[in-house]
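The residues making up each chain are set out below.
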Amino acid sequence: MENMQVTRRKFIGESAKAAAGVTAALGAVAGQGICTAEGAPVDTSKILNYNQNMEYRRQGSTNLMVSAVCLGGHSRSNAEQRSEIISRCIDAGINYIDACTHGEVCRDSQALKGRREKMYLSLSHCGNEIRNENFRTAKKLLEVLDKTLQDSNQEYTDLWRITCYEPGGRHTFNTACEMMEALETAKKQGKARFIGFSTHDRRWIKFMIEYFPQVDCVCFPFTTMSKRAQTDSVFDALKKCDVGSFGIKPYGAGSLFRGSQEENDRRARLALRYILLSNTVIPIPGLNSIAHVDNAVKAVVERRELDLKEQAELEAAGKQMWAKLPGNYQWLKDWEYV
């Protein structure tokens, strides 16, 4: 407990220094002669798996230029199918995979074998992290990371983003400190290049990134019905602290879809265009086939601004999505103003 008090004081001191020194930047690039939001030129040769037809955005203080759409971890594809999906992603310039279960991490690392340098791989072992009361100490969390890396034949992960309670505020402050100690240790040991967490709790996100400047990225829901809050938005805190943000559930856990495949594909593209236009998060859609990858890539190159007809279409689809949400996803409705 004495060591934990030292850790807390250290965190407070570093938070004060970071608050005075950070600057925010969200850069988006596609094609040649591009610049960051501040006007600084971007060297595309430094962008991982660069494709001139893909857009890339800076993820906070990591300075990673991440593709405008990423490959989500929740997937119904098997190992062989996943390998084909990843191949298509690489061809299209997608450079980021998010895997959040032990099985997904092992499957995706196997699919990346021999081409790991083409994509960033983020991981979480959600079942054995702080949502589980048996894994709420830094020691236990680091053991889980070591075992996950060993089982997936990896020496490191690009982002270790621990999966927290959906309402992250249910975690005690001591648990938050233990989590941050584990994350920071993993980064210092070279096992995680960058660190962060995922949660469905806006207030807790804001508290965590302001209190713990070690956080590089966060992951939270953002759907077609989500929008930046006019006041006290989490995006204000993300910008201030220069923290990257990924958006999960862009399709409302699949509830956005209905009807024909053609209609579903169109709805998916409208959703991605809307989220990218909001300039808030980099979406991580579930892409379960090569056709899904192609459709997501098509959304990136389509006209970004939605016309009035498309806005009305997406609004109607969003209301239908809300109505179709299963009981265990009703909480998505809490993410209308972010």
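Residues numbered from 1 in each chain as written. Predicted model: local features only at pLDDT ≥ 70, side-chain atom pairs only at ≥ 80, totals over all residues. Heavy atoms only, no water.

(A) Fine view of the packing of aromatic side chains. Enumeration over the complete set of coordinates arrives at 13 aromatic pairs. The interplanar angle of 90° and the centroid separation of 5.4 Å between the aromatic rings of phenylalanine 173 and tyrosine 211 together place this pair among those described as edge-to-face. Here phenylalanine 173, found in helix α5 (residues 173-188), pairs with tyrosine 211, found in helix α6 (residues 202-211); they are 38 residues apart in sequence, far enough to count as distant. Relative to phenylalanine 212, the ring of tyrosine 211 lies with its centre 4.9 Å away and its plane at 70°, an arrangement referred to as edge-to-face. Taken together, Phe173, Phe207, Tyr211 and Phe212 form an aromatic cluster joined through their ring pairs. It is arginine 202 that lies over the ring of tryptophan 335; its NZ or CZ is 5.0 Å from the centre. Sitting over the ring of tyrosine 337, lysine 227 keeps its end group 5.0 Å from the ring centre. (Phe/Tyr/Trp six-rings, centres within 6.5 Å; stacked < 30°, edge-to-face > 60°. Helix = DSSP H or I, 4+ residues; strand = E, 2+ residues; numbered from the N terminus. Lys NZ or Arg CZ within 6 Å of the ring centre and 35° of its normal.)

(B) Spotlight on the environment of asparagine 279. Assignment of secondary structure puts asparagine 279 in the loop between α8 (261-278) and β10 (282-283). Of the residues examined, asparagine 279 reaches a relative accessible area of 36% and is grouped as partly exposed. Separated by 3.4 Å, the side chains of asparagine 279 and arginine 57 make a polar contact. (Buried < 20%, exposed > 50% of the residue type's maximum accessible area, 1.4 Å probe, protein only. Polar contact = N/O pair within 3.5 Å; in protein donor to acceptor, adjacent residues only side chain to side chain.)

(C) Representation of the environment of serine 152 within the structure. Assignment of secondary structure puts serine 152 in the loop between α4 (138-151) and β6 (157-163). Relative accessible area serves as the criterion here: at 4%, serine 152 is assigned to the buried category. Measuring from C-alpha to C-alpha, the distance between serine 152 and arginine 107 comes to 7.8 Å, with 45 residues separating the pair along the chain. Other than its neighbours up to four places away in sequence, serine 152 contacts Val105, Cys106 and Ser109. A distance of 3.3 Å separates a polar side-chain atom of serine 152 from the backbone oxygen of leucine 149. (Contact = heavy atoms within 4.5 Å.)

(D) Structural view of the sheet that holds β10. The strand order β4-β5-β6-β7-β8-β9-β10 describes an open sheet built from seven strands, whose pairing is parallel. Of all the strands in the sheet, just β4 (96-99) and β10 have a single pairing partner and so form its edges. Pairing of strand β9 (residues 244-248) with β10 involves two bridges; the strand directions are parallel. Paired with glycine 247 across the strands is proline 283, a residue of β10. Contacts from helix α3 (residues 102-111) reach β4 and β5 (120-123) within the one sheet, and its direction differs from that of β4 by about 150°. (Pairing = 2+ DSSP bridges. Axes fitted to C-alpha atoms, helices over the stretch in contact; angles between N-to-C directions.)

(E) Spotlight on the packing of α6 against helix α7 (residues 234-241). It is the contact of α6 with α7, at a shortest axis distance of 9 Å, that shows an interaxial angle of 15°. Here α6 is positioned roughly parallel relative to α7, judged by the angle of their axes. Classified by chirality, the crossing of α7 by α6 is left-handed. Each of Arg202, Ile205, Lys206, Ile209 and Glu210 in α6 lies in contact with α7, whose residues at this interface are Val234, Ala237, Leu238 and Cys241. In the contact of α6 with α7, the residues fall into six nonpolar, no polar and three charged. (Parallel < 35°, antiparallel > 145°, perpendicular 65-115°, else oblique. Left-handed = near helix turned anticlockwise from the far one by under 90°. Nonpolar A, V, L, I, M, F, W, Y, C, P; charged D, E, K, R; others polar.)

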